[in-house]
Amino acid sequence: MDGQLVPAASPGRDAPPSGPADPAPLPLRVAAVAVARCAGRTAVLLARREVHLPRGNVGLRLRFGDGSIGRVYRETVVAHPPRTQRCVLVVSFRLRGVRGLGHRAFEVESLLNTPLFVGFPGFVSKLWIAADERGVYRGLYDWDDPDLAEAYARALWWVLALVSHRASIHHRVVPGSSRVEAFAAAERPDPTAAQRLSDDEVMEEDGWWRVTEVS
């Protein structure tokens, strides 16, 4: 993880990622009920002091497969028993009308958004990743079940759409992996990995969600 990351040239800010399209958002009514239930569960977790903000990963700089670089500015973790269906979820979005110091203000204010995700079933942890050179934010999550992660992301779309450019909202679920494994793969890339990609992964040339370097 030595050295300084230099951002690569990138396409238009809201250019759609290559590869399969994102699943449609949940129906608004279903999403609203899910978010409300999440807020209730979050209140219980906070009362039990099961929500933590460790500092160990804050300040990491992550390069992604499209060449962009983001800085981890917060981590949220819930005390959680391990399961066998661990997955990684990456969500990206670009805020409307936020520039300059507004990004720093959002980093502080965004802590208030914690009740919108911590209480969703299957949540384990989240790395909050600051805006990259195109103004795109990311959330990098550990989740306990790919289907639960997908349901969360499709509900979250409506929340993000209130403050983000809708064309910039994307998510990707990576089954059978964890954040620790994703970071390890970035630090020790497998030269034969390209030979084992599925057809869908071959189509995804930019890999906006894939961590390729950690520093």
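Residues numbered from 1 in each chain as written. Predicted model: local features only at pLDDT ≥ 70, side-chain atom pairs only at ≥ 80, totals over all residues. Heavy atoms only, no water.

### Notes on the pattern of salt bridges
The final tally for this structure, using the stated rule, is 9 salt bridges. Its salt-bridge partner being Arg-138, residue Asp-66 comes within 3.4 Å of it at the nearest N-O pair. Taken together, the residues Asp-66 in the loop between β2 (61–64) and β3 (69–78) and Arg-138 in strand β6 (residues 136–143) connect sequence positions 72 residues apart. Residues Asp-66 and Arg-138 agree in their burial class; the two are buried. Close ionic contact of Glu-75 with Arg-179 constitutes a salt bridge, the shortest N to O distance being 3.0 Å. Residue Glu-75 is found in strand β3, and its partner Arg-179 is found in helix α4 (residues 179–187); the two are separated by 104 residues along the sequence. Accessibility assignment for this pair places Glu-75 and Arg-179 in one class, buried. One network of salt bridges, with partners in common, ties together Asp-66, Asp-132, Arg-134 and Arg-138. (Salt bridge = Lys/Arg side-chain N within 4 Å of Asp/Glu carboxyl O. Helix = DSSP H or I, 4+ residues; strand = E, 2+ residues; numbered from the N terminus. Buried < 20%, exposed > 50% of the residue type's maximum accessible area, 1.4 Å probe, protein only.)

### Focus on unusual backbone geometry
In the Ramachandran plot, Arg-49 falls in the positive-phi region, its phi being about 60 degrees despite a non-glycine side chain. Checked against the element boundaries, Arg-49 lands in the loop between α1 (28–47) and β1 (51–52). Take Arg-49: its relative accessible area is 71%, and that puts it in the exposed class.

### Some remarks on the packing of aromatic side chains
Under the criterion given, the structure shown has 14 aromatic pairs. A ring pair is formed by Phe-117 and Phe-123, whose centres lie 5.3 Å apart and whose planes are at 65 degrees; its orientation type is edge-to-face. Judged by its relative accessible area of 2%, Phe-117 falls in the buried class. Where Tyr-141 meets Tyr-152, the ring centres are 5.3 Å apart and the plane angle is 65 degrees; that geometry is what we call edge-to-face. (Phe/Tyr/Trp six-rings, centres within 6.5 Å; stacked < 30°, edge-to-face > 60°.)

### Describing the confidence of the model for the protein chain
Scored by pLDDT, the protein chain comes out at a mean of 87, with 82% of its residues at no less than 70. Low confidence marks residues 193–205, where pLDDT is under 50. Its contacts with residues over four positions away, or in another chain, come to 12 contacts. (pLDDT = per-residue confidence, 0-100. Contact = heavy atoms within 4.5 Å.)

### Re the environment of His-165
Looking at where His-165 falls in the secondary structure, it is placed in the loop between α3 (146–161) and β7 (170–175). You can call His-165 partly exposed: its relative accessible area is 26%.

### Focus on the side chain of Asp-142
Within the secondary structure, Asp-142 is located in strand β6. In this structure, Asp-142 is buried with no salt-bridge partner, the nearest side chain bearing the opposite charge being Arg-86 at 4.6 Å. Within the structure, the side chain of Asp-142 is placed 2.8 Å from the backbone nitrogen of Arg-179, a separation counted as a polar contact. Leaving out residues up to four positions away in the same chain, Asp-142 has contacts with Arg-86, Cys-87, Val-88, Gly-122, Phe-123, Val-124, Ser-125, Ser-178 and Arg-179. (Lys, Arg positive; Asp, Glu negative; His and termini not counted. Polar contact = N/O pair within 3.5 Å; in protein donor to acceptor, adjacent residues only side chain to side chain.)

### Describing the side chain of Arg-179
A relative accessible area of 9% places Arg-179 in the buried class. A polar contact of 3.0 Å, which involves the side chain of Arg-179, links it to the side chain of Glu-75. With sequence-adjacent residues up to four places away left out, Arg-179 is seen in contact with Asn-57, Glu-75, Val-88, Ser-125, Leu-127, Leu-140 and Asp-142.

### Let's talk about α3
For α3, built from 16 residues, the straight-helix expectation of 22 Å at 1.5 Å per residue is met to within 8% by its first-to-last C-alpha distance of 23 Å. Along its length, α3 shows its largest kink, about 25 degrees, at Ala-155. Residues of α3 that are buried make contact with α1, β4 (87–94), β6 and β7. Where α3 begins, the capping side chain belongs to Asp-145, and its oxygen is found 2.8 Å from the backbone nitrogen of Asp-147. (Expected span 1.5 Å × (residues − 1). Bend = angle between axes of the 7 residues up to and from the residue.)

### Thoughts on the nonpolar core
Inside soluble globular proteins, nonpolar side chains tend to come together where they are buried. Leu-89, Phe-120, Tyr-141, Trp-143 and Tyr-152 are the most contacted members of the largest nonpolar core, which totals 34 residues. Contributing elements (two or more residues each) for this core: α1, β3, β4, β5 (123–129), β6 and α3. Those residues in contact with Phe-120 that lie beyond four places of it in its chain are Ala-34, Val-35, Cys-38, Trp-143, Tyr-152 and Ala-155. Leu-62, Ile-129, Ala-186 and Val-211 belong to the second largest nonpolar core, which has 15 residues in total. (Core = buried A, V, L, I, M, F, W, Y, C linked by side-chain atoms within 4.5 Å.)

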